[in-house]
Amino acid sequence: MKKILLSTLIAAASFVTLAGQAHAGTTLDAVKKKGFIQCGISDGLPGFSYADSKGKFTGIDVDVCRAVAAAVFGDSEKVKYTPLTAKERFTALQSGEVDILSRNTTWTSSRDAGMGMIFAGVNYYDGIGFLTHQKAGLKSAKELDGATVCLQAGTDTELNVADYFKANKMTYTPVTFDRSDESAKALDSGRCDTLASDQSQLYALRIKLGKPDDFIVLPEVISKEPLGPVVRRGDEDWLAIVRWSLFAMLNAEEMGVTSQNVVQLAANPTTPDMSNLLGKTGTYGADLKVPNDWVVKIVKQVGNYGESFERNVGQGSELKIKRGQNALWNKGGIQYAPPVR
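Conventions adopted
- Residues numbered from 1 in each chain as written.
- Predicted model: local features only at pLDDT ≥ 70, side-chain atom pairs only at ≥ 80, totals over all residues.
- Heavy atoms only, no water.
- UniProt positions renumbered as here; feature names shortened; annotations may be inferred.
- Helix = DSSP H or I, 4+ residues; strand = E, 2+ residues; numbered from the N terminus.
- Pairing = 2+ DSSP bridges.
- Axes fitted to C-alpha atoms, helices over the stretch in contact; angles between N-to-C directions.
- Contact = heavy atoms within 4.5 Å.
- Disulfide = S-S within 2.5 Å.
- Buried < 20%, exposed > 50% of the residue type's maximum accessible area, 1.4 Å probe, protein only.

The name given to the protein in an unreviewed UniProt entry is Amino acid ABC transporter substrate-binding protein, with the source organism recorded as Rahnella perminowiae. According to the UniProt record, the Sequence similarities (unreviewed entry) comment for the protein is "Belongs to the bacterial solute-binding protein 3 family."

### Description of the UniProt feature "domain: Solute-binding protein family 3/N-terminal" (unreviewed entry) in the protein
UniProt records the feature "domain: Solute-binding protein family 3/N-terminal" (unreviewed entry) for residues 36-265 in the present numbering. Helix makes up 35% of residues 36-265 and strand 24%, whereas the separation of the span's terminal C-alpha atoms amounts to 29 Å.

### So, the sheet that holds strand S11 (residues 194-198)
Read from one edge to the other, the open sheet built from five strands follows the order S10-S9-S11-S8-S12, with strand pairing classed as mixed. The open sheet has two edge strands with one neighbour each: strand S10 (172-177) and strand S12 (215-217). Ignoring which end each strand starts from, the neighbouring axes of this sheet average 30 degrees apart. Each of strand S8 (128-133), strand S9 (147-152), S11 and S12 is contacted by helix H8 (residues 199-206), which is oriented at about 125 degrees to S11, the strand it contacts most.

### Considering the state of the cysteines
Per the counting criterion, the structure on display carries two disulfides. One disulfide in the model links Cys-39 with Cys-65; its S-S distance is 2.0 Å. Classification of the bridge connecting Cys-39 and Cys-65 rests on its S-S torsion, roughly 55 degrees, and on that basis the disulfide is right-handed. In this pair, Cys-39 is assigned in strand S1 (residues 37-42) and Cys-65 in helix H3 (residues 60-73), connecting sequence segments 26 residues apart. As far as burial versus exposure is concerned, Cys-39 and Cys-65 are alike and both buried. One disulfide in the model links Cys-150 with Cys-192; its S-S distance is 1.8 Å. Around the S-S axis, the bridge from Cys-150 to Cys-192 shows a dihedral of about 80 degrees and counts as right-handed. Of this pair, Cys-150 sits in strand S9 while Cys-192 sits in the loop between helix H7 (180-189) and S11, and the two are 42 residues apart along the sequence. Each member of the pair, Cys-150 as well as Cys-192, carries the same accessibility label: buried. For the protein, the bonded cysteines pair up as 1-2, 3-4 when numbered in the order they occur along the sequence.

Okay, structure coming up:
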């Protein structure tokens, strides 16, 4: 009887293993068949994902999807974008409507373990803050007792703000909106005393206000908000490609490989690590089921992480956000990528 039971358990375990193996790679296969990546992005957040007057999307989140397209197809333009509200984003990924969710989304335990999704990395370290009118004369978020607070529905900002006010024995009145633009307009019109969101989003929304210089971001950061791309659980091949496309951009910046010099350095790498990264040695692309020059294609067409940051949210953008935590680990920040080897 024990032998029969043991055989049954082994057979069941084998079935589960084979089922998992059969599922792996299905997203990559589907992406290659349709010839593009469907990328879920925000519904209009400057610096992260935003469409210009011609409908072209740009931003640090958009660049993640462009990097994956460059790795898979050798062409960063083979991406179609689906703008999503915070409430829509997870359903769109879970249902297969999008292949990647790259939408200023915070990595949390419940999202990573309890919703059929997995985070591929962090492309922006952030934290929740408060945007308020200069005329209020506030110097600190601890002066917001009794304030009306604008919030975007379906985000973890709601819980974090509630925890912050409770911890500081303050009261507030939440006013929620489905779209970030709506919450910004409510602040601009005086409906709310302050707007709470990721600090990066506050800087992005401020430039949309009638008189941006009339508003300030208060100094407090009340939470940890590691933002990054998300994929569905159960497809390790696709997860690896998305994860390492982001890591490739970080490693390229660390090695001084840019969109301007990547072709030259690929031909004559200066270190063994650079040779591995740029495909001169090894077959590391094959491990990911992409061409061996995948990193060259990413950096040439999208840029390294620093180029993407500065162009979209840094000093080369309207937002003028300092690198801060998002500087590389050897430049005073915490951005770090494992090596290609």
